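An overview of the molecular structure
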Amino acid sequence: MSTVTLTDDIASKSLPAAKLQPKEHGAYAILGIPIVASLAITGPTVVGVSVAAASAAGFLAHEPLLVAWGHRGKRAKQNTPSATKRLATLLAITVMFGTLALVLGSPIVRGSLLGCSVLAISGFALAIAGKHRTLGGQMWGVIGLSVPCVPILLAGGLSFADTMQSWATWLVGFAATTMAVRGVIAAQKRHSRQIHWFSISALSILVAVTTFAGYSLTITTLPMLAMAWYLMFDPPHARQLKRVGWTLVVGTVATAVWMIVRVIAINS
């Protein structure tokens with residue numbers, strides 16, 4: 001054994017194992033808040049809870065996948081032999097609960113679950129390709145992470161039209177907050193923020209137009225849009241990035257509460 005190899009082995013053994021929880025903290029809100037809001041709107045059903053469990057397990061499988069695939073670095077892969085086992089376990093849970101929801105769901109719920117599966121698989125493919133941090137990858141992630149609310153709402157008896165309007169509302173809100181976060185990062189790097197200003201402006205106009213057109217749920221994105229504009233006008237320093245996360249969580253929770261109240265009122 002060479003000195004270099006021996007040194008690498010000693011270093012590898014002394015390094016702590018990589019953490020296997022997803023590092024993209026904003027993704028927790030994109031996945032979790034719409035799910036909780038949907039269950040609050042319709043009440044828990046076996047299918048809805050199964051979808052929530054499958055979605056959570058699939059989300060938690062993201063980080064072990066990146067570690068096992070080597071995207072967190074060679075040493076993280078070597079020092080985390082449990083990554084592959086964790087990945088297999090979480091994927092098994094995802095398939096188990098997903099299959100349960102598929103078997104018990106109505107035809108329209110099954111159709112939405114198949115759509116969720118396609119988005120989940122494509123999301124894993126983007127992660128494997130290392131494209132999940134690009135603008136396109138993050139926007140695709142917004143779609144894939146928020147879509148579980150669709151089968152949950154449908155399984156709870158909400159109409160297809162109201163379900164799609166709810167999901168579209170989340171897409172608008174999360175697209176705005178994602179662009180705002182990217183705008184904060186661009187400001188720190190002194191890069192152009194033109195696309196961020198344009199995107200949030202376009203989304204704000206879209207909310208105004210759809211609201212006046214009679215799509216009453218889109219107005220509930222106002223708290224998220226307000227937080228997005230706040231971050232664009234007053235981007236915090238890199239040392240205050242936690243403020244960004246909590247700011248967006250406050251706006252997202254406010255949107256969720258408003259949506260719950262509004263949907264229940266519409267359908268009462």
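Refer to the structure presented above.
No experiment lies behind these values; they were computed from the predicted model shown. (Residues numbered from 1 in each chain as written. Predicted model: local features only at pLDDT ≥ 70, side-chain atom pairs only at ≥ 80, totals over all residues. Heavy atoms only, no water.)

**A short note on the overall build of the chain**
Within the chain one finds 13 helices and zero strands. Counting from the amino terminus, the chain carries its helices and strands in the arrangement α-α-α-α-α-α-α-α-α-α-α-α-α. Scored against the burial criterion, the 268 residues of the chain give a buried share of 40%. Taking the intrachain contacts of the chain between residues at least 6 apart in sequence as the baseline, contacts between residues at least 24 apart amount to 76%. Taken as a whole, the chain presents about 13,800 Å² of accessible surface, with 71% of it coming from carbon and sulfur. (Helix = DSSP H or I, 4+ residues; strand = E, 2+ residues; numbered from the N terminus. Buried < 20%, exposed > 50% of the residue type's maximum accessible area, 1.4 Å probe, protein only. Contact = heavy atoms within 4.5 Å. Areas by Shrake-Rupley, 256 points an atom, 1.4 Å probe, with all protein chains shown as cover.)

**Some words on the environment of L206**
Tracing the backbone shows L206 in helix α11 (residues 194-212). Put simply, L206 and V172 are 34 residues apart on the chain and 8.6 Å apart in space, counted from C-alpha to C-alpha.

**Points about helix α10 (residues 160-188)**
Helix length check: α10 (29 residues) gives 42 Å between terminal C-alpha atoms against 42 Å at 1.5 Å per residue, within 8%. Of the residues flanking the end of α10, it is R190, one or two places downstream, whose phi is positive at about 60 degrees. (Expected span 1.5 Å × (residues − 1).)

**A word on the packing of helix α2 (residues 25-42) against helix α3 (residues 46-60)**
Interaxial distance between α2 and α3 falls to 11 Å at its minimum, and their mutual angle equals 175 degrees. Taken together, the axes of α2 and α3 are roughly antiparallel relative to one another. Where α2 abuts α3, its residues A27, Y28, L31, I35 and L39 lie against G48, V49, A52, S55, A56 and F59. Residue classes in the contact of α2 with α3 are distributed as nine nonpolar, two polar and no charged. (Axes fitted to C-alpha atoms, helices over the stretch in contact; angles between N-to-C directions. Parallel < 35°, antiparallel > 145°, perpendicular 65-115°, else oblique. Nonpolar A, V, L, I, M, F, W, Y, C, P; charged D, E, K, R; others polar.)

**Regarding the packing of aromatic side chains**
Under the definition given, this model contains five aromatic pairs. Measuring from centroid to centroid gives 5.0 Å for Y28 and F59, while their planes differ by 85 degrees, and the two rings are edge-to-face. Of this pair, Y28 sits in helix α2 while F59 sits in helix α3, and the two are 31 residues apart along the sequence. Given a relative accessible area of 34%, Y28 falls into the partly exposed group. Residue classification places F59 among the buried residues on the basis of a relative accessible area of 10%. Plain terms: the ring middles of W170 and F174 are 5.4 Å apart, the flat faces sit at 15 degrees to each other, and that makes the pair stacked. Here W170 and its partner F174 are both found in helix α10, four residues apart, which amounts to about one turn of the helix. What makes W170 buried here is its relative accessible area of 1%. (Phe/Tyr/Trp six-rings, centres within 6.5 Å; stacked < 30°, edge-to-face > 60°.)

**Focus: the state of the cysteines**
Working definition: the covalent bond between the sulfur atoms of two cysteines is a disulfide. This structure, assessed with the given rule, holds zero disulfides. The thiol sulfur of C116 is not disulfide-bonded, and the nearest other cysteine sulfur, from C149, lies at 8.4 Å. (Disulfide = S-S within 2.5 Å.)

**A look at unusual backbone geometry**
For residues besides glycine, phi is generally negative; the peptide bonds are generally trans as well. Notably, R190 is not glycine yet its phi reads approximately 60 degrees, a positive angle. Counting through the fold element by element, R190 comes out in the loop between α10 and α11. Note on R190: relative accessible area 79%, which makes it exposed.

**A word on a nonpolar patch on the surface**
Taken together, the side chains of V46, L100, V103 and L104 present a nonpolar region at the surface, about 360 Å² in accessible area. Ranked by the residues each element gives to the nonpolar patch, the list is headed by helix α6 (residues 82-104), at three residues. Relative to the elements of secondary structure, V103 occurs in helix α6. Given the relative accessible area of 55%, V103 is considered exposed. (Patch = residues over 30% accessible without salt bridge, like charges linked within 9 Å, V, L, I, M, F, W, Y side chains within 5 Å. Salt bridge = Lys/Arg side-chain N within 4 Å of Asp/Glu carboxyl O.)

**So, the environment of V172**
Considering the arrangement of structural elements, one finds V172 in helix α10. A sequence separation of 52 residues divides V172 from M224, and the C-alpha atoms of the two residues are 9.2 Å apart. Residues contacting V172, with those up to four places away along its chain left out, are L203, L206 and V207.

**Points about the side chain of T220**
Considering the arrangement of structural elements, one finds T220 in the loop between α11 and α12 (222-233). Discounting residues that sit within four places of it in the chain, T220 has contacts with T169, T255, W258, M259 and R262.

**Examining the packing of α10 against α12**
Where α10 contacts α12, the two axes come as close as 9 Å, and the packing angle between them is 10 degrees. Relative to α12, the element α10 lies roughly parallel. Viewed along their axes, α10 and α12 form a crossing whose handedness is left-handed. Of α12, the residues touching α10 (which contributes W170, G173, F174, A176, T177, M179, A180, G183 and V184) are M224, L225, A228, L231 and M232. Taken together, the residues of the contact of α10 with α12 break down into 11 nonpolar, three polar and no charged. (Left-handed = near helix turned anticlockwise from the far one by under 90°.)

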